[in-house]
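Single-letter residue listing:
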Amino acid sequence: MRHSSILITAVVYLCSVGVLAEPLTLHVAPKGDDAAAGTSAAPLRTLAGARDRVRALRVAGKVPAEGVVIEIGAGEYALEAPLALTKEDSGTADGPVIWRGAAKSGASILGSRRIQTFLPVKDEAILKRLPEEARGHVVQAGLKSIGVSDFGSPEGGGLSLLFNGQPMTLSRWPNEGFTKIVEEAGAEKVDIRGVKGCKEGRWVYDGERPARWIGESDAWVHGYWFWDWSDQRHKVKS
C-alpha cells in the first residue's frame, strides 16, 4: 500500500505539470517581418508591429490568460514615430504584457538615424563662409537620404547630433559662452525695477564675426534678452 500511494501521487503531480499554461511569446528582430508569425524562426520586425499584433490577438480573443511576452532580439530599432502604448496595450496582474530584451541581446531603441557617410564640403560658396583655418576640415551629410526631412525649428533647439553617444554643440557663434549686449539701440526704452532695455529688440554687440552671415536667409539668435533667468530663441528679421 505504501508503494502504491507513492506511485499514484507521482503520476498526479506529473499530469499537473503537463497542463500548466505559459504566456504567449512574440519575437522581434531587425530583419524580421511584421506579417510573420512572430516565432523565434519567423520574428516580427518592429516594436509597433509587435504592439499591433497583440492588439489584433486581443480583439480575436486569442491572448492567453497568462499574458504576452514581447522578446526584443539583438540589433537597432529606429522608431519612425514614438511608440504609443495605451490602456488597450495593458495586461492584468495575472496576465501581464511584458516587453523585454532577449538575454544578452544588446537591443537598442533609437529615436534617431545613424549617419554612415560624411563627405568633404566642396561648394565654393559655402567654403567662403568658413574661416580659412576651418576649410578642408568640415564634412557634410545628406539627411534626406537617410529619411530625415523634418529638421525641426531653431526655436525649439532644432536637430541634435550625437557622436559616440555624446551630444555635439550645434554650429554657433561664439563657440562657447555668450557675447555681450553693449548697448540698446531702440528708441523706446523700458526700465523695470532697475532692469533697463528697449522694446524694439534692437541692440549692439561687440564683434564683427556675424558680418559674414549677411546672405543667410534663416539666421537665429539665442540669448537672455532682458531677464537673466529667461532665455529665448528668435529669428532675425533683418
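Up top is the structure.
Residues numbered from 1 in each chain as written. Predicted model: local features only at pLDDT ≥ 70, side-chain atom pairs only at ≥ 80, totals over all residues. Heavy atoms only, no water.

**Student:** Quick question: what am I supposed to make of the overall build of the protein chain here?
**Tutor:** Counting its secondary structure elements, the protein chain contains three helices and 15 strands. Computed over C-alpha atoms, the radius of gyration of the protein chain comes to 30 Å, more than 25% over the 18 Å expected from 2.2 N^0.38 for 238 residues, which places it beyond the range of a compact globule. Summarising its shape, the C-alpha atoms of the protein chain cover approximately 105 × 50 × 35 Å along the three principal directions. Of all 238 residues assigned to the protein chain, the portion counted as buried reaches 17%. In the protein chain, 53% of the contacts between residues at least 6 apart in sequence involve partners at least 24 apart. Averaging the positions of the 30 positive and the 29 negative side-chain charges in the protein chain gives two centres separated by 3 Å. (Helix = DSSP H or I, 4+ residues; strand = E, 2+ residues; numbered from the N terminus. Rg over C-alpha atoms; globule rule 2.2 N^0.38 Å. Buried < 20%, exposed > 50% of the residue type's maximum accessible area, 1.4 Å probe, protein only. Contact = heavy atoms within 4.5 Å. Lys, Arg positive; Asp, Glu negative; His and termini not counted. Charge placed at Lys NZ, Arg CZ, Asp CG, Glu CD.)

**Student:** Please explain the sheet that holds strand β4 (residues 97-101) as it appears in this structure.
**Tutor:** Hydrogen bonds between backbone atoms are what pair the strands of a sheet, whose relative direction is either parallel or antiparallel. Strand order across the open sheet formed by three strands is β1-β2-β4, with parallel pairing between neighbours. Edge positions in the sheet fall to β1 (24-28) and β4, since each of these pairs with one other strand and no more. Going from strand to strand, the sheet's axes swing by 20° on average, the running direction of each strand aside. Note: strand β2 (residues 68-72) against β4, five bridges, orientation parallel. Along β4, the bridge assignment pairs Ile72 with Gly101. Each of β1, β2 and β4 touches helix α2 (residues 47-59); the most contacted strand, β1, lies at about 155° to it. (Pairing = 2+ DSSP bridges. Axes fitted to C-alpha atoms, helices over the stretch in contact; angles between N-to-C directions.)

**Student:** Please clarify how a positive patch on the surface should be interpreted in this entry.
**Tutor:** On the surface, a cluster of positive charge is made up of Lys128, Arg135, Arg209 and Arg212. Its place among the elements puts Arg135 in the loop between α3 (124-129) and β7 (139-140). Since its relative accessible area comes to 35%, Arg135 is described here as partly exposed. (Patch = residues over 30% accessible without salt bridge, like charges linked within 9 Å, V, L, I, M, F, W, Y side chains within 5 Å. Areas by Shrake-Rupley, 256 points an atom, 1.4 Å probe, with all protein chains shown as cover. Salt bridge = Lys/Arg side-chain N within 4 Å of Asp/Glu carboxyl O.)

**Student:** What is the right way to read the pairing of β1 from this model?
**Tutor:** The pairing of β1 with β2 spans five bridges and is parallel. Looking at β2, one finds that His27 is bridged to Glu71. At this point the chain moves from β1, through α2, to the parallel β2, and the crossover so formed is right-handed. (Right-handed = clockwise from strand over helix to strand, strands pointing away.)

**Student:** Quick question: what am I supposed to make of the environment of Ala74 here?
**Tutor:** Relative to the helices and strands, Ala74 is located in the loop between β2 and β3 (75-78). Its relative accessible area of 49% is what places Ala74 among the partly exposed residues. The sequence separation of Ala74 and Gly106 amounts to 32 residues, and the corresponding C-alpha distance is 5.0 Å. Sequence-distant contacts of Ala74, that is, excluding residues within four places in its chain, are made with Pro30, Ser105, Gly106 and Ala107.

**Student:** In this structure, what is going on with the layout of surface pockets? I would like to understand it.
**Tutor:** Here the idea is plain: a probe the size of a water molecule rolls over the atoms and shows the empty space left. When its volume is computed, the second largest pocket comes out at roughly 350 Å³. Along the wall of the second largest pocket there are 18 residues; nearest its centre are Thr46, Tyr77, Ala78, Leu79 and Glu80. Elements represented by at least two residues in the lining of the second largest pocket include exactly α2 and β3. Within the lining of the second largest pocket, the residues separate by chemical class into 10 nonpolar, two polar and six charged. (1 Å grid on protein atoms, 1.4 Å probe; cavity = no way out; pocket = protein on both sides within 12 Å on 5 of 7 lines; lining within 4 Å. Points joined across faces, edges and corners; volume = space filled by probe spheres on them. Nonpolar A, V, L, I, M, F, W, Y, C, P; charged D, E, K, R; others polar.)

**Student:** Hey, could you run me through empty space enclosed by the protein in this one?
**Tutor:** Within this structure, the stated rule accounts for one cavity of 30 Å³ or more. In this structure, the largest cavity encloses a volume near 40 Å³. Considering the residues around the largest cavity, the lining is formed by Arg51, Val54, Ile70, Leu85, Asp89, Val97 and Trp99. Those elements that place two or more of their residues in the lining of the largest cavity are α2 and β4. Classifying every residue of the lining of the largest cavity gives five nonpolar, no polar and two charged.

By themselves, these observations are geometric and do not establish any function.
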